[in-house]
Amino acid sequence: MSRDNLQIDSNGQLRHFLSISGLNRQLLTDILDTAESFAGVTEQTVKKVPLLRGKTIVNLFFEASTRTRTTFELAAKRLSADVLNINITQSSAAKGETLLDTLRNLEAMHVDMFVVRHADSGAAHFIATNIAPHVSVINAGDGSHSHPTQAMLDMFTIRRVKGPDFGRLRVAIVGDIMHSRVARSQIHALNLLNTGEVRIVAPKTLIPAHAETLGTHVFHDLQEGIKDADVIIMLRLQRERMLGALLPSEHEYFELFGLTEDKLAFASPDVTVMHPGPINRGVEMDSEVADGPRSVILEQVTHGIAVRMAVMSMAMSPREIAAEQPHAS
Amino acid sequence: MTELEDTASIIDDMATRLGEYISRSGRADPAIVGIHTGGVWVAEQLHRQLNISEPLGSLDISFYRDDFTRIGMNPVVKPSELPFSIDERHIILVDDVLYTGRTIRAALNELFDYGRPASIMLATLIDRGGRELPIQANIVGRHIKLKDDEQIKLSGPDPLTLEIQKTA
């Protein structure tokens, strides 16, 4: 089985959620539609549906994260699943246990799903390949490879604000494309949804070598890159991933690529500004923009819960007989 | 495939009896909630004919079904909308066909996740028997006996028509 179709079963249903590449437009739309119906659960007095009652979900985080882990945990709890948070950096890995041994032990506890965040690209694929067949794996970010639920919550946010027709949209992704698993997943998702134009905007040192082959237009100047853009997605400058001296200074980066109200004037008048968080204020973005009327940064966080509920429940659907239609009674 | 009598006149008759039932039971100012999809169509008609002041509510019970572990997610789930507080309110729950009772069980559970209603009444266009749970409707449009390999389907919303089909 190839890396890409590992996440889809023979009926075309989601089995694992590892990366956007390998999925199709229909499946992405199904995820967005399902998330839309979960968004209403937060309006209930009891913010819970009993869909995954009795299932056990393990958040397996080999890398620190607050927002992603918290929204995965809330999503699982709103589906009535039991959630276990395991922070491996402080756990048995420190005692020398291998990843496979850790997995075997968790499997022996009869868990149903792993949500995995890891600093190495391909970690979620590795786990999905080696796990017992009834267990689903959701990638919550692996190295600089992929962060598919973040990309889907961004697509959900764009669809909510701009409507379902991605074909008329110009979307600019600005910042550290090179180290960004978020950008990679966003570009795949935007292309699958037939977005009118996808641009990436960054200094030459922060753009991967094969960037043009991703189906994007590459810009090295912020004003040109965001000209007439309908959506601007700012990426976090990943200081912890900057292995070499790729930038002269954060101050200079802000001068050239930081988003300010002045520069925003070049974009479309009803432009929407997004950021996956956490924001480095005064590095990628001025506070005035981050907290301004065009920003949907906090909506993105809210949408993250509904999108993760959708992905979890779809991956947990029983697979063999998923095609059978329920009868109204 | 058999077509039934005029669906509109069954609903007119239901509305009359439902109105009488409400005034007789003294349950003032009720709200109507339809179950997707057919139940919402019937609920719209009852809502209009009974001049209910609260806007119509709708429930999609997909997330409350008892067969998720067998058949998984319903591909098209419509959001539930209850545009009023259900706390201390008399609720009229409306569905198109009452059969095993499992849909109503799911709808009751979902309603209670929105609050604590004063009471819940059930109105259904068709009661075809075959209950697997102790659930009965207060108002039934028509009682119909069906064979095990038959089902009754409401199409709509305009016009609403009922037909009996053989199941595959």
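Analysis parameters
- Residues numbered from 1 in each chain as written.
- Chains lettered and ligands numbered in written order.
- Predicted model: local features only at pLDDT ≥ 70, side-chain atom pairs only at ≥ 80, totals over all residues.
- Helix = DSSP H or I, 4+ residues; strand = E, 2+ residues; numbered from the N terminus.
- Buried ≥ 20, exposed ≤ 12 C-beta atoms within 10 Å, placed from the backbone.
- Contact = placed C-beta atoms within 7 Å.
- pLDDT = per-residue confidence, 0-100.
- Core = buried A, V, L, I, M, F, W, Y, C linked by C-beta atoms within 7 Å.
- Domains from an automatic or database assignment.
- Pairing = 2+ DSSP bridges.
- Axes fitted to C-alpha atoms, helices over the stretch in contact; angles between N-to-C directions.

(A) Highlighting the overall build of chain A. Per the secondary structure count, chain A includes eleven helices and nine strands. Principal axes of the C-alpha set define a box for chain A whose edges measure 55 × 55 × 40 Å. The 329 residues of chain A split such that 47% are buried. Sequence separation of 24 or more characterises 77% of the internal contacts of chain A that already satisfy a separation of 6 or more.

(B) Examining the confidence of the model for chain B more closely. The share of residues in chain B with pLDDT of 70 or more is 97%, and the mean pLDDT across the chain is 92. Overall fold confidence for the complex sits at a pTM of 0.87, while the interface term, ipTM, reaches 0.76.

(C) Looking closely at the nonpolar core. In terms of nonpolar packing, the biggest core is built from 138 residues, with Ile173, Val174, Ile232, Val311 and Met312 of chain A together with Leu46 and Val94 of chain B touching the most fellow members. No other element matches the ten residues that helix α11 (residues 297-316) of chain A contributes to this core. Both domains that furnish three or more residues to this core are identified here as domain 1 (5-146 + 303-316) and domain 2 (148-296) of chain A. Non-local contacts of Val174 of chain A, meaning those with residues more than four positions away in its chain, are made with Val201, Ala202, Leu222, Gly225, Ile226, Ile232, Ile233, Met234, Leu235, Phe257 and Leu259 of chain A.

(D) View of the interface of chain A and chain B. Listed as interface residues are 23 residues of chain A and, on the opposing side, 25 residues of chain B. The element that contributes the greatest number of residues to the side of chain A that touches chain B is helix α1 (residues 25-39) of chain A, accounting for four residues.

(E) Region of the structure containing the sheet that holds strand β2 (residues 31-35) of chain B. Residues and elements named next belong to chain B. Read from one edge of the open sheet, five strands run β3-β2-β4-β5-β6, paired in parallel fashion. The two strands at the open ends of the sheet, each matched to only one other strand, are β3 (57-59) and β6 (139-143). Mean inter-strand twist for the sheet, computed between neighbouring axes without regard to direction, equals 25 degrees. Of the strand pairs in this sheet, β2 and strand β4 (residues 90-98) are connected by four bridges, and their pairing is parallel. Of the residues in β4, the one forming a bridge with Val33 is Leu93. Sitting on the sheet, helix α1 (residues 7-25) is in contact with β5 (119-127) and β6, with an inclination near 150 degrees to β6.

(F) Fine view of the confidence of the model for chain A. In the predicted model, chain A carries a mean pLDDT of 89, and 91% of its residues have values of at least 70. This stretch, residues 321-329 of chain A, has a pLDDT under 50; its non-local contacts, to residues over four places away or in other chains, come to 18 contacts.

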